[in-house]
Amino acid sequence: MQGTMVRSLHDAIFEEVTHFILALEAGLKRVEAQASAMVKRDKDVSSCLLEFGLGCDALAHIGDEVNSTGVGDEAGASGIGQTFCLIGKTADAISAISADHYERELSCFAEPIREHLKMVH
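Read on for an overview of the structure. Remember, it's a predicted structure, so these values are computed and weren't measured experimentally. Along each chain, the written sequence defines residue order, and numbers are assigned to residues from 1. Reporting of local features is limited, given that this is a predicted model, to residues whose pLDDT is at least 70; pairs of side-chain atoms are given and counted only at 80 or more, and all residues count toward the totals for whole chains, interfaces and linings. With hydrogens and water set aside, each side-chain value is computed from the structure's full complement of heavy atoms.

**Examining the overall build of the chain**
In terms of regular secondary structure, the chain is built from two helices and zero strands. The 121 residues of the chain split such that 23% are buried. Residue contacts are counted whenever heavy atoms from the two residues lie within 4.5 Å of one another. Contacts in the chain between residues far apart in sequence, at least 24 positions, make up 76% of those at least 6 positions apart. Carbon and sulfur atoms make up 66% of the accessible area of the chain, which amounts to about 8,800 Å² in all. For the purposes of this entry, the term helix denotes a DSSP run of H or I that reaches at least four residues, the term strand denotes a run of E that reaches at least two, and both are numbered from the N terminus. A 1.4 Å probe rolled over the protein chains alone gives each residue an accessible area, and that area as a share of the maximum for its type sets the label: buried under 20%, exposed over 50%, partly exposed in between. Using a 1.4 Å probe, the Shrake-Rupley method yields the accessible areas, and only the shown protein chains count as cover for residues.

Put into structure tokens, the structure is as follows:
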């Protein structure tokens, strides 16, 4: 009898819980990786939209200078300058919305998943 241990019902329950926790940890790691990638993509989208808006604003100002209208004077701006100005403002607004979405997604989704993973690990 030396070297053998008696198994009880509690050992089976412990093994079942251990298996569950390991599977939960693996699943949370996959979800956390995807959430991090998603948040990074959303941050990149926000930055790209901001840069696009700045580029369109610059094109609008160039169009205004070529047509000899006042910079920022939408009433006197010709077609292409006015169009780029409008596109730039819209891209800036979308960038702000996207940045807000990114911040909420990070604080309400990605960070809680990380905290859950730390708890399980």
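**Structural notes on the environment of Ile-80**
Turning to its location among the elements, Ile-80 is positioned in helix H2 (residues 79-120). For Ile-80, a relative accessible area of 54% gives the class exposed. In sequence terms Ile-80 and Ile-62 are 18 residues apart; their C-alpha atoms lie 10.0 Å from each other.

**As for the pattern of salt bridges**
Here, a salt bridge means any side-chain nitrogen of Lys or Arg that lies within 4 Å of a carboxyl oxygen of Asp or Glu. In this structure the tally under the stated criterion is five salt bridges. Across the salt bridge formed by Lys-29 and Glu-25, the nearest N and O atoms sit 3.7 Å from each other. Taken together, the positions of Lys-29 and Glu-25, both in helix H1 (residues 9-66) and four residues apart, correspond to about one turn of that helix. Judged by its relative accessible area of 11%, Glu-25 falls in the buried class. The salt bridge partner of Arg-104 is Asp-100, with a shortest N-O separation of 3.1 Å. Highlighted residues: Arg-104 and Asp-100, both in helix H2, separated by four residues, approximately one helical turn.

**A few points about a nonpolar patch on the surface**
Patch criteria: residues need more than 30% relative accessible area and no salt bridge. Like-charged residues are merged within 9 Å; nonpolar side chains of Val, Leu, Ile, Met, Phe, Trp and Tyr are merged within 5 Å. On the surface, Leu-9, Ile-13, Val-17, Phe-20, Ile-21 and Leu-24 cluster together into a nonpolar patch covering about 550 Å² of accessible area. You can see Leu-9 is positioned in helix H1.

**Examining the nonpolar core**
Residues belong to a common nonpolar core when they are buried Ala, Val, Leu, Ile, Met, Phe, Trp, Tyr or Cys residues joined through side-chain atoms within 4.5 Å. Membership of the largest hydrophobic core is limited to six residues, which are Ala-35, Val-39, Tyr-102, Leu-106, Ala-110 and Ile-113. Contributions of two or more residues to this core are made by H1 and H2. Among the elements that make up this core, the one with the highest residue count is H2 (four residues).

**Re the state of the cysteines**
Any pair of cysteine sulfurs within 2.5 Å is marked as a disulfide. Enumeration over the complete set of coordinates arrives at zero disulfides. With no disulfide of its own, Cys-56 has Cys-85 as its nearest cysteine by sulfur position, at a separation of 9.8 Å. A residue is classified by how much of its surface remains accessible, and Cys-56, at 4% relative accessible area, is buried.

**Side note on the packing of H1 against H2**
Any two packed helices are characterised by the angle at which their axes cross and by the distance between the axes. All axes are obtained by fitting lines to C-alpha atoms, using only the stretch in contact for helices, and the reported angles, taken between N-to-C directions, cover 0 to 180 degrees. In contact at an axis separation of 7 Å, H1 and H2 are set at 165 degrees when each is read in the N-to-C sense. Comparing the axis directions of H1 and H2 gives the class roughly antiparallel. For the element pair H1 and H2, the recorded crossing hand is left-handed. Under the grouping applied here, Gly and all other residues not named as nonpolar or charged are polar, the nonpolar ones being Ala, Val, Leu, Ile, Met, Phe, Trp, Tyr, Cys and Pro and the charged ones Asp, Glu, Lys and Arg. Considering only residue class, the contact of H1 with H2 consists of 28 nonpolar, nine polar and 11 charged. For classification purposes, angles smaller than 35 degrees are called roughly parallel, those larger than 145 roughly antiparallel, those between 65 and 115 roughly perpendicular, and all remaining angles oblique. In a left-handed crossing the near helix is turned counterclockwise from the far helix by less than a right angle, and in a right-handed crossing that turn is clockwise.

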